[in-house]
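Coordinate analysis (summary)
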Amino acid sequence: MSADMTTASTPTIVLVGHGMVGQRFLEALADRGVTERARIVVLCEEPRPAYDRVQLTSYFSGKTPDDLSMVEAGFLEKHGIELYLGDPAESVDRAARTVTARSGQVFAYDTLVLATGSYPFVPPVPGKDARGCFVYRTIEDLLAIEEYAKTATTGAVVGGGLLGLEAAGALKGLGLETHVVEFAPRLMPVQVDEGGGAALLRTIERMGLSVHVGTGTQEVVTADGAVTGMKLSDGSELATDMVVFSAGVRPRDQLARDCGLDVGERGGIAVDERCRTSDPAVFAIGECALASDGRVYGLVAPGYEMAQTVAATIADEAGDGAGFTGADMSTKLKLLGVDVASFGDAHGATEGCLDVVYSDSRSGVYKKLVIDGEGRLLGGVLVGDAEQYGLLRPLTGSVPPVSAEQLVLPAGAGAPVALGPSALPDDAVICSCHNVTKHAIGECSSLAEVKKCTKAGTGCGSCVKVIEKLLPAATDKGLCRDFSYTRSELYEIARTLRITSFAALLDSHGRDEAKGGEGCEVCKPTVGSILASLNNGYILDGEQASLQDTNDHFLANMQRNGSYSVVPRIPGGEITPDGLIVIGEVARDFGLYTKITGGQRIDMFGARVEQLPAIWTRLVDAGFESGHAYGKSLRTVKSCVGQTWCRYGVQDSVKMAIQLELRYRGLRSPHKLKSAVSGCARECAEAQSKDFGIIATANGWNLYVGGNGGATPRHADLLAQDLSDAELVRLIDRFLMFYIRTADRLERTSTWLERLEGGLDHLKDVVVHDSLGLCDELEALMAAHVADYQDEWAQTLDDPDRLRRFVSFVNAPEAPDPSVRFMPERDQIKPDLTFLTLEGVTSR
Amino acid sequence: MTTLTSTTLTTTMLELSPSPDSWMTVCEESRLTPGRGVAALLPDGRQAAVFRDRAGRMYAIDNRDPFTGAQVLSRGLIGSVDGRPFVASPLLKQRFDLETGRCLDDDEVTVAVYPVRSI
């Protein structure tokens, strides 16, 4: 395919660059129907289509390159857009109106749009090209950094701006001892003022990063062509295995320079208000463009605006006069977990302006609002707590409805702030990435609809909280069709009214139409779990037996063919050779499939329901007890081998893991609970991916909470540091009971913590500082659990009545279920599903 | 608090009709926990899932979960919606009306229903 395909009736638009702005431009063309009447060719240097560069760092928290893609599946095909990956434009012949790509293909254009973006600026210091020097711009850069970091222990980032701190966070996340070297006297010099920079510095140093401000890089020291350190302008030398340059970006304007387009003195393709270059057939948008106000915009929102402008111009909508004359430089970011926002006149450059400042260096919070003589809000800086950004930014230029002091004071201090999204005018821009007003959002009824119809909330995401508050409240937060209360409300009702049965709760607090009914498969196990958390008796006696999911009912996990798996508890993953032999013998004697689980224990599959008591008799006799793999309860506390054996260990992690697993075993909770204890900062037990994770320090234990693996991984947050054994246990007691009390059904600690109003700070207030005066009660509840715990399997085996349910057929107690069949695979068994499927053909 | 007594003076038996005009004994009615089910093996090798609700009413449907082929419906949780009883499969949670056998989550799917009586 090449240039000769073009005809007079189908004009060709060539887009050079497929980054975020390029993709936005394509969407804007499609929205206007231009893709139907023009051939669109896109030349992209990178090997993958446009992705979310703003969220690049989230690659290190588990996002895959596919997650970051900005291109909806089928978009290019649907609109007939030709995308050439890994084939950048090499030259432009403006006279002939052709672009030549690296592959040698030549494309004729009627309109050319340059969206080449920017390149990282690498200061010209000796050694900058050594092995171990990187920039931080593309997914490929990230992959290279990740690979190199495997053999490194220390990393340094040159540049303490926005991207530099992102890069530093990534290195820290890769387990490196991390340094940040910034030439300016403070971090993020462009966005925040001195006070904000100082708050940021303290918080970041507290996370264990070393920050060197007011310091330049003079040389990258190398040995055998690889980085070994850096020489700094203050004469000091820093040992490091790798260097990431993140000292700003420069517009990529070489292609424009080479073909004679006007460029700015300090770079950038000069454009007018319609983003047209000195050649009327050529446009430039995004970070490569020097806008008509003389600035190069390095943020995505102005780039999107330029993309819209050019698309409108091409679609002949120029008449509306909405050109690009400059943009709002407001930003809100989460850097290394710290909120940083700046908006409007953040540095107070307006003549006669005044500051209102709140600064709390203990908690690393700094807030400054810039106000003019008439009380109008001009701008501000928020560090450490940027919750109000979504409201304050749209208020810029107007007199806020409450005083500036109230706006900067933290919630709970002084008068309550009565400022909600309802205070915003209709034309307030809520989403600045996509320029969406409050009015436009008001037309929608759900967040999903807002995102689909207006794109609001799909850029940086900082406005999502405000959007949620603007939407009509979800009308029914009830647990299910039987209860209009949430799980945590039902927990409080059952606790305070001392309700001990499902029937009583349904008939007194169920929806009117559900009273006297059966309940359902959602509320029965939920209430069963609440009653078990509160009352702690044997979960299968009396009415409770009818509430449990089948797994709890048979104290085993049902597998796809109706057979069960059996998991004995192996606390901390520590097991004697004799214990291993017993498990092996049981599995062999009952013909079970065995597999080691991720939680450091052994799962035995393929037991028929009537075999469970015999299997457990053997296990209980050998000292094993239920592992609660079937319950919404504590699963395992993993551990590394710890100080006892490991040369790096600083505490006995195995002993602590066993202590914790035995303490919390059997505890019924809104969802399963996982934990781990690592004996040193190397974190071999992966504690930060657990609901509560413990990492040993030289002085005690650090407690992390709210971590998760699975489909939506989340790193746990540090709740408290350097705890003694007793302090650690007390804090976990409080944390778990507070979670059990307030979480929704099937809500893991990670989502619960994300949802908890006030987040980690609130959690700390409640469980560390006892701000609600709840801690005594939470500890007492846990003490009752620990005192009353009994092994469910031992209890079951002791009671012939309880054993009666373990039959395949009530009318033939000895008969095995003939439909549960197995076939061999890799010297073990597997379910014979062909048998189940064949049998099934008859019943449709 | 009331407790269920496991011995009663007169024993009520639960019977099921696996095919027209024939009845078989399943078990004593007291074996069924209200809100739960048991499985019964029928003379021809089929399996029935027999349930008892809070009000003491009995139901029987085929034990086979048509979505997975596994004989497990007797181990599901029962509930009610608009006054009609259902069981939710313990595997993938599809619900089946206990009176008609109709799947509430897929119009195309139905399981067999067996008449039951107490003697």
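The rules we used
Residues numbered from 1 in each chain as written. Chains lettered and ligands numbered in written order. Predicted model: local features only at pLDDT ≥ 70, side-chain atom pairs only at ≥ 80, totals over all residues. Helix = DSSP H or I, 4+ residues; strand = E, 2+ residues; numbered from the N terminus. Buried ≥ 20, exposed ≤ 12 C-beta atoms within 10 Å, placed from the backbone. Contact = placed C-beta atoms within 7 Å. UniProt positions renumbered as here; feature names shortened; annotations may be inferred. pLDDT = per-residue confidence, 0-100. Nonpolar A, V, L, I, M, F, W, Y, C, P; charged D, E, K, R; others polar. Pairing = 2+ DSSP bridges. Axes fitted to C-alpha atoms, helices over the stretch in contact; angles between N-to-C directions. Core = buried A, V, L, I, M, F, W, Y, C linked by C-beta atoms within 7 Å. Arc of directions from axis to C-beta.

If you tally the helices and strands in chain B, you get zero helices and nine strands. Starting at the N terminus, the α and β elements of chain B follow one another as β-β-β-β-β-β-β-β-β. In chain B, which comprises 119 residues, the share counted as buried stands at 44%. Sequence separation of 24 or more characterises 37% of the internal contacts of chain B that already satisfy a separation of 6 or more.

Helix and strand counts for chain A come out as 28 helices and 38 strands. The buried share of chain A, taken over its 844 residues, is 48%.

Attention shifts here to the UniProt feature "binding site: siroheme" (unreviewed entry) in chain A. Residues and elements named next belong to chain A. The residues that UniProt annotates with the feature "binding site: siroheme" (unreviewed entry) are Cys684. Looking at the secondary structure, you find cysteine 684 in the loop between strand E33 (673-678) and strand E34 (692-697). Residue contacts for cysteine 684: discarding those within four places in its chain leaves Cys640 and Ser678.

The next point concerns the confidence of the model for chain B. Atom-level detail of predicted coordinates should not be read off regions where pLDDT is low. Residues and elements named next belong to chain B. Residue-level pLDDT values for chain B average 88, and 92% of them are 70 or greater. Low pLDDT, under 50, characterises residues 1-8; the predicted model gives this stretch five contacts beyond four residues in sequence or across chains. The ipTM assigned to the predicted complex is 0.89, against a pTM of 0.54.

Bringing the interface of chain B and chain A into the picture now. Of the residues lining the interface, 36 residues belong to chain B; the matching set on chain A comes to 32 residues. With five residues, the top contributor of residues to the side of chain B that touches chain A is strand E6 (residues 77-81) of chain B. Residue composition of the side of chain B that touches chain A, grouped by class: 18 nonpolar, 11 polar and seven charged.

With that out of the way, let us pick up the sheet that holds strand E6 (residues 106-108) of chain A. Sheet strands pair via backbone hydrogen bonds, and the direction of the pair is either parallel or antiparallel. Residues and elements named next belong to chain A. Taken together, the three strands give an open sheet; going across it, the order is E4-E5-E6, and neighbouring strands pair in antiparallel fashion. Strands with a single pairing partner mark the edges of an open sheet, and in this sheet they are strand E4 (89-93) and E6. When strand polarity is set aside, the average angle formed by the axes of neighbouring strands in this sheet is 20°. Where E4 and strand E5 (residues 98-101) come together, four bridges link them in antiparallel fashion. In the sheet register, alanine 89 faces E5, and the bridge partner there is alanine 101.

Once that is clear, we can look at the nonpolar core. Of all hydrophobic cores here, the largest spans 133 residues; its most connected members are Phe25(A), Leu114(A), Ile269(A) and Ile285(A). Broken down by element, this core gets its largest block of residues, nine residues, from helix H9 (residues 300-314) of chain A. Ile269(A) has contacts with Leu114(A), Pro251(A), Asp253(A), Ala256(A), Leu261(A), Val263(A), Thr277(A), Ala284(A), Cys288(A), Ala289(A) and Leu290(A), leaving out every residue within four places of it along the chain. Ranked by size, the runner-up nonpolar core spans 56 residues in total, among them Val566(A), Ile615(A), Leu41(B) and Leu77(B).

Below, the discussion takes up the environment of Asp360(A). All names here are of chain A. Counting through the fold element by element, aspartate 360 comes out in strand E23 (residues 354-360). The partly exposed category is assigned to aspartate 360, around which 14 C-beta atoms lie within 10 Å. Between the C-alpha atom of aspartate 360 and that of glycine 384, which follows or precedes it by 24 residues, the distance is 9.6 Å.

Residue and element names in this part refer to chain A. Regarding helix H16 (residues 502-509), the residues found buried are Phe502, Ala503, Leu505 and Leu506. Seen end-on, H16 carries its buried residues on one side only, within an arc spanning 165°. Considering only its buried residues, H16 is in contact with helix H15 (487-496) and helix H17 (523-535).

Before going further, it helps to examine the pairing of strand E37 (residues 822-825) of chain A. All names here are of chain A. Bridge count between E37 and strand E38 (residues 828-831): four bridges; the pairing is antiparallel. What sits directly across from methionine 823, in E38, is lysine 830. Linking two consecutive strands that pair antiparallel, namely E37 and E38, is a turn of two residues; a positive phi of about 45° is found at arginine 826 within it.

The next subject is the sheet that holds strand E29 (residues 564-566) of chain A. Residue and element names in this part refer to chain A. The four strands are arranged E28-E29-E31-E30 in an open sheet whose pairing can be described as antiparallel. Both outer strands of the open sheet, strand E28 (557-558) and strand E30 (593-596), are each paired with one neighbouring strand and no more. Judged from the three bridges that link them, E29 and strand E31 (residues 602-607) form a sheet pairing that is antiparallel. Among the inter-strand pairings, valine 566 is bridged to a residue of E31, identified as methionine 604.

What follows covers unusual backbone geometry. Even without a glycine there, the phi angle at Gln600(A) is positive, about 65°. With respect to the secondary-structure elements, Gln600(A) resides in the loop between E30 and E31. Unusually for a residue other than glycine, Asp82(B) sits at a positive phi of about 50°. Tracing the chain through its elements places Asp82(B) in the loop between E6 and strand E7 (84-88).

Residue and element names in this part refer to chain A. Its 19 C-beta neighbours within 10 Å are what place glutamine 600 among the partly exposed residues. As for glutamine 600 and arginine 569, which are separated by 31 residues in sequence, their C-alpha atoms are 9.7 Å apart. Excluding residues that lie within four positions of it along the chain, glutamine 600 makes contacts with Ile570, Gly573, Thr636 and Lys638.

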